[in-house]
Amino acid sequence: MMEAVNQPQGGPRPLRRSRILVVDDTADIRYFLVTLLQDRYDVTAAASGEEGLQVALSDKRPEIILLDVMMPGMDGYEVMRRLARDPRTADIPVIFLTALGSVEEEQFGLDLGATDYITKPISPPVLLARVRLHLERSANAKRLKTLSEQLSRYLAPQVYQSLFDGSRQAEIQTQRKRLTVFFSDIKNFTASTAQWQPEEVTFLLNSYFEEMSQIAAEYGATLDKFIGDAIVIFFGDPHTLGPRQDAVQCVRMAVAMQQRMGELQQRWKDMGIHKAFEIRIGINSGFCDVGNFGSNLRMDYTIIGREVNLAARLEQAAEPGEILMSRDTHDLVQDDIEVEARKPVLAKGFSEPITVYAVRQAPLAPAGAAGMIQCDRPGMRLEIDVGRLTPAQRVDAAAELRKALGSLEAPAAASTPASRLAAVRAADAADPEEAALPDSIAGLDVALGLSRAMDMKGFYLSMLRRFMNGRTDAPARIREALQAGDLKEAELLAHSLRGVAAQIGATQLPLDADALEQALHANAPRARIDELLLRMEASLAELMTALRSGLPPAAPG
């Protein structure tokens, strides 16, 4: 699974291998998994649940996690819970790896949010196939999410959400509803910018639209369209708080926009743009036709009707910085909004003078000022309005800041070890042609073990040697745990021995280790535990003797 990264200028497009995180407390299993995966993927190994979480939250975020269940300290289930709760890691596919093969255990892991469940001993072809499958599914899901997010920018958020939750269909259909309609534009914008370069006009408009759209979203408005420098917004569909509250929200949104325009003027002034741009706003309430207009090939969700035209006329009659509303809107908001009566307005398309009111705007503190984080100095400009960020946006902002901090501290971090795999270096150096693997070893199914190493003799020999050199003291360590009264530690040691022994194809030892593990788990009488421990110790000793006599000597160095 390969994916592209930034292309250096003038060179070929490089590829980045998908990142896989292996979390397992057993060094032999980590070695086994890393060796299998490292030729295809960028693999990082962690020896504990705590370490695995740190890697998952680091800059090297994995595309998939292979997670052991039974581990000391934080087990795999708790790791899964924490991954699922954190928005930064909730979408990472997790495959549980465990020797716990019961249906109940598998269901429990999947209910926690795991993507898949593979039991030990691990079959390499199955593991590789499932890793590849879930990476492809994850990549497809990300592509669909990116596409849907791009498409959502062409729709009002409420319309986009109603289409995705099934409450609205993409079909020609309208209804008559009582709405509050908002029109605004920048006074004399076209004439003021006639001599500007198109790029300058585009920058100014986009920064203006970005701020106004954010305010509209905060007040629950449906943003209909942009027309030049004008904005059309309405309240009351597809969601409504009731006609009165819709109108109140619309007027309060208009006040917030006028306030934000003052902040934008100062920002533009700091950038050398000294035009005194001001917006004028018109608001009207009444019955409109709202819904999908157009054809089956192309449709537009919008509003039409006399009340829409009246809102547009009020906007044209307003003075710069002013908010004019009709009598119908005034009747809805008069208990909540302070207004001043103005002279009736004669408007094109309306035979009678229109009664209008202007919103009385008191000076307000800048929105979100209490939560502003600002820094402006040579080489660095930072501005964060914490109060305007949703919880999810705060998480994204924090991640971006951590990434920026990492870049700033890069020279200091250069001395950090480049890889977590120093203890689990893969790829045994033995040459299969020189290393003659015996056809049989007592206590070992050589053919089965070799198949689990994908028929790579050198790799299988390295697994056997690791087992022979690292597992001799397993019974002694279990006795130490029992003497300390730590049954859980003793159970984990037996569990680890069982998993590794099964992986290399041992025949009797996995059975004896499993019997001991079950007895420890059930808190069986100590006499029974001692009996099973002696039996496991005997089968381990027999296997070790067979390995020492049957394996070819390791290559020097």
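Quantities reported herein were computed from a predicted structural model and do not represent experimental measurements.

Visitor: How should I be thinking about the overall build of the protein in this particular structure?
Guide: When helices and strands are tallied, the protein shows 19 helices and 17 strands. The long-range share in the protein, meaning contacts at least 24 apart out of those at least 6 apart in sequence, stands at 66%. Accessible surface for the protein amounts to roughly 29300 Å². Of this, 52% is attributable to carbon and sulfur atoms.

Visitor: What should I look at first to understand unusual backbone geometry in this one?
Guide: Following Lys120, the chain continues to Pro121 via a peptide bond in cis, the omega torsion being 0 degrees. For Pro121, the position within the fold is in the loop between strand 7 (116-119) and helix 5 (124-152). Each neighbour pair has its own omega, and for Asp237 with Pro238 the value is 0 degrees, a cis peptide bond. Note on placement: Pro238 falls in the loop between strand 10 (230-235) and helix 9 (243-270). In this structure, Asn188 takes a positive phi of about 60 degrees despite not being glycine. Mapping Asn188 onto the fold places it in the loop between strand 8 (173-186) and helix 7 (189-192). A residue is classified by how much of its surface remains accessible, and Asn188, at 48% relative accessible area, is partly exposed. Of note in this structure, Asn523 is not a glycine but carries a positive phi near 55 degrees.

Visitor: Explain the confidence of the model for the protein here, please?
Guide: Atom-level detail of predicted coordinates should not be read off regions where pLDDT is low. Residues at a pLDDT of 70 or more form 81% of the protein, whose mean pLDDT is 82. In the model, residues 364-370 has pLDDT below 50 throughout and makes 10 contacts with residues more than four positions away in sequence or in other chains. Below pLDDT 50 for its whole length, residues 411-434 participates in 28 contacts with residues either more than four positions away or in separate chains.

Visitor: What is the right way to look at the packing of aromatic side chains in this model?
Guide: For any pair of aromatic rings, the description rests on two quantities: the centre-to-centre distance and the angle between the ring planes. Inspection of the entire model under this criterion finds 11 aromatic pairs. Here the aromatic rings of Tyr208 and Phe209 are separated by 5.5 Å at their centres, their planes lie at 45 degrees, and the arrangement is tilted. For Phe209, a relative accessible area of 10% translates into the label buried. Their ring planes at 45 degrees and their centres at 6.0 Å tell us that Phe234 and Tyr301 sit as a pair that is tilted. You can see Phe234 sitting in strand 10 and its partner Tyr301 sitting in strand 12 (residues 299-304), a full 67 residues away along the chain.

Visitor: Which parts of the structure should I look at to understand the environment of Arg327?
Guide: Along the chain, Arg327 falls in helix 11 (residues 327-333). Given the relative accessible area of 45%, Arg327 is considered partly exposed. Each C-alpha atom of the pair Arg327 and Ala341 lies 9.7 Å from the other, and the pair is 14 residues apart in sequence. Dropping the residues within four chain positions of it, Arg327 is found in contact with Thr355 and Tyr357.

Visitor: Help me understand the nonpolar core, please; the structure alone is not making it clear to me.
Guide: The tendency in soluble globular proteins is for nonpolar side chains to be buried side by side. Among the nonpolar cores identified, the biggest contains 63 residues, and Leu444 and Phe467 are the most heavily contacted of them. Per-element accounting of this core gives the leading share, nine residues, to helix 19 (residues 526-550). Sequence-distant contacts of Phe467, that is, excluding residues within four places in its chain, are made with Asp28, Leu497, Val500, Ala501, Ile504, Leu509, Leu540, Leu543, Met544 and Leu547. One finds Ile186, Phe209, Val248 and Val251 within the second-largest nonpolar core, a separate group that totals 41 residues.

Visitor: What should I look at first to understand helix 10 (residues 306-317) in this one?
Guide: Three or four residues apart is the spacing at which side chains of an α-helix point the same way, because the helix has 3.6 residues per turn. Between the first and last C-alpha of helix 10 there are 17 Å, a value that for 12 residues agrees with the 16 Å anticipated at 1.5 Å per step. Buried within helix 10 are the following residues: Glu307, Val308, Leu310, Ala311, Ala312, Leu314 and Glu315. As for helix 10, its buried residues are in contact with strand 8, strand 11 (279-294), strand 12, strand 13 (323-326) and strand 15 (354-359).

Visitor: Sorry, what's going on with the environment of Phe108 here?
Guide: With respect to the helices and strands, the residue Phe108 is situated in helix 4 (residues 103-111). We classify Phe108 as partly exposed; its relative accessible area is 36%. Note: C-alpha distance between Phe108 and Tyr77 (31 residues apart in sequence) is 8.8 Å. Beyond its immediate sequence surroundings of up to four residues, Phe108 is in contact with Tyr77 and Arg81.

Visitor: Explain the pairing of strand 8 to me, please; I cannot follow it from the model alone.
Guide: Side chains on a regular strand alternate between the two faces of the sheet. Relative to strand 11, strand 8 runs antiparallel, the two sharing 14 bridges. Each residue of the ladder has a partner; that of Arg176, found in strand 11, is Asp289. Here strand 8 pairs with strand 10 via five bridges, running antiparallel. From the neighbouring strand, Ser184 faces strand 10, where its bridge partner is Ile231.

Visitor: Explanation requested: the packing of helix 18 (residues 509-521) against helix 19 in the structure shown.
Guide: The contact between helix 18 and helix 19 brings their axes to 9 Å, and the two run at 160 degrees. By the criterion of interaxial angle, the relationship of helix 18 to helix 19 is roughly antiparallel. The two elements helix 18 and helix 19 cross, and the hand of that crossing is left-handed. Packed against helix 18, whose contacting residues are Leu509, Asp512, Ala513, Ala515, Leu516, Ala519 and Leu520, the element helix 19 presents Ile529, Leu532, Leu533, Arg535, Met536, Ser539, Leu540 and Leu543 at the interface. Residues of the contact of helix 18 with helix 19, tallied by class, amount to 12 nonpolar, one polar and two charged.

Visitor: I keep staring at the sheet that holds strand 4 (residues 42-46) and nothing clicks. Help me out?
Guide: Adjacent strands of a sheet form backbone hydrogen bonds with each other and so pair up, either parallel or antiparallel. Strand order in the open sheet formed by five strands is 4-3-5-6-7, and the pairing between neighbours is parallel. Bordering the open sheet on either side are strand 4 and strand 7, each of which pairs with just one other strand. Each strand of the sheet is rotated relative to its neighbour by a mean of 20 degrees, with strand direction disregarded. Judged from the five bridges that link them, strand 3 (residues 19-23) and strand 4 form a sheet pairing that is parallel. Bridge pairing in strand 4 links Leu21 to Thr44. Helix-sheet contacts for helix 1 (residues 27-37) involve strand 3, strand 4, strand 5 (64-68) and strand 6 (94-98), and the interaxial angle to strand 4 is about 170 degrees.

Visitor: Could you clarify how one ought to interpret helix 19 in this entry?
Guide: Between its terminal C-alpha atoms helix 19 stretches 36 Å, which fits the 36 Å expected from 25 residues at 1.5 Å a residue. Regarding helix 19, the residues found buried are Ile529, Leu532, Leu533, Met536, Ser539, Leu540, Leu543, Met544, Ala546 and Leu547. Taken together, the buried residues of helix 19 touch helix 15 (457-470), helix 16 (474-483), helix 17 (487-503) and helix 18.

Visitor: Help me out: how do you make sense of the packing of helix 8 (residues 198-218) against helix 9 in this one?
Guide: In a packed pair of helices, the relevant descriptors are the angle between the two axes and the axis-to-axis distance. At a closest axis distance of 10 Å, the pairing of helix 8 and helix 9 adopts a crossing angle of 145 degrees. Taken as a pair, helix 8 and helix 9 cross one another with a handedness that is right-handed. Residues Leu204, Ser207, Tyr208, Glu211, Met212, Ile215 and Ala216 of helix 8 form the contact with helix 9, whose participating residues are Met253, Ala256, Met257, Arg260, Met261, Leu264, Arg267 and Trp268. Among the residues making up the contact of helix 8 with helix 9, the classes are represented as 11 nonpolar, one polar and three charged.

Rules used in this analysis
- Along every chain, residues carry numbers that run from 1 in the direction the sequence is written.
- Local features in a predicted model are, by the rule used here, given only for residues with pLDDT of at least 70; side-chain atom pairs are given and counted only at 80 or more, and totals for whole chains, interfaces and linings are based on all residues.
- Derived side-chain values reflect all non-hydrogen atoms in the structure, with water molecules and hydrogen atoms excluded from consideration.
- Only DSSP runs of H or I reaching four residues or more are called helices, and only runs of E reaching two or more are called strands; each is numbered from the N terminus.
- Only heavy atoms matter for contacts: two residues are in contact if any of them lie within 4.5 Å across the pair.
- For the area figures, the Shrake-Rupley method with a 1.4 Å probe applies, and any residue is considered shielded solely by the protein chains shown.
- Relative accessibility decides the category of a residue: with a 1.4 Å probe and only protein chains considered, values under 20% of the type maximum give buried, values over 50% give exposed, and everything between is partly exposed.
- The predictor attaches a confidence to each residue, and that confidence, scored 0 to 100, is pLDDT.
- Ring pairs shown here join Phe, Tyr and Trp side chains whose ring centres sit within 6.5 Å, with only the six-membered ring taken for Trp; geometry is labelled stacked below 30 degrees between planes, edge-to-face above 60, and tilted in between.
- Each nonpolar core is a collection of buried residues, namely Ala, Val, Leu, Ile, Met, Phe, Trp, Tyr and Cys, held together in the definition by side-chain atoms within 4.5 Å.
- Multiply 1.5 Å by the residue count of a helix minus one, and that product is the helix's expected span.
- The criterion for strand pairing is that DSSP finds at least two bridges linking the strands in question.
- All axes are obtained by fitting lines to C-alpha atoms, using only the stretch in contact for helices, and the reported angles, taken between N-to-C directions, cover 0 to 180 degrees.
- We call two directions roughly parallel when the angle between them is under 35 degrees, roughly antiparallel when it is over 145, roughly perpendicular when it lies between 65 and 115, and oblique otherwise.
- By definition, turning the near helix anticlockwise from the far helix through less than a right angle yields a left-handed crossing, and turning it clockwise yields a right-handed one.
- Following the grouping adopted for this structure description, the nonpolar residues are Ala, Val, Leu, Ile, Met, Phe, Trp, Tyr, Cys and Pro, the charged ones are Asp, Glu, Lys and Arg, and the polar ones are all others, Gly among them.

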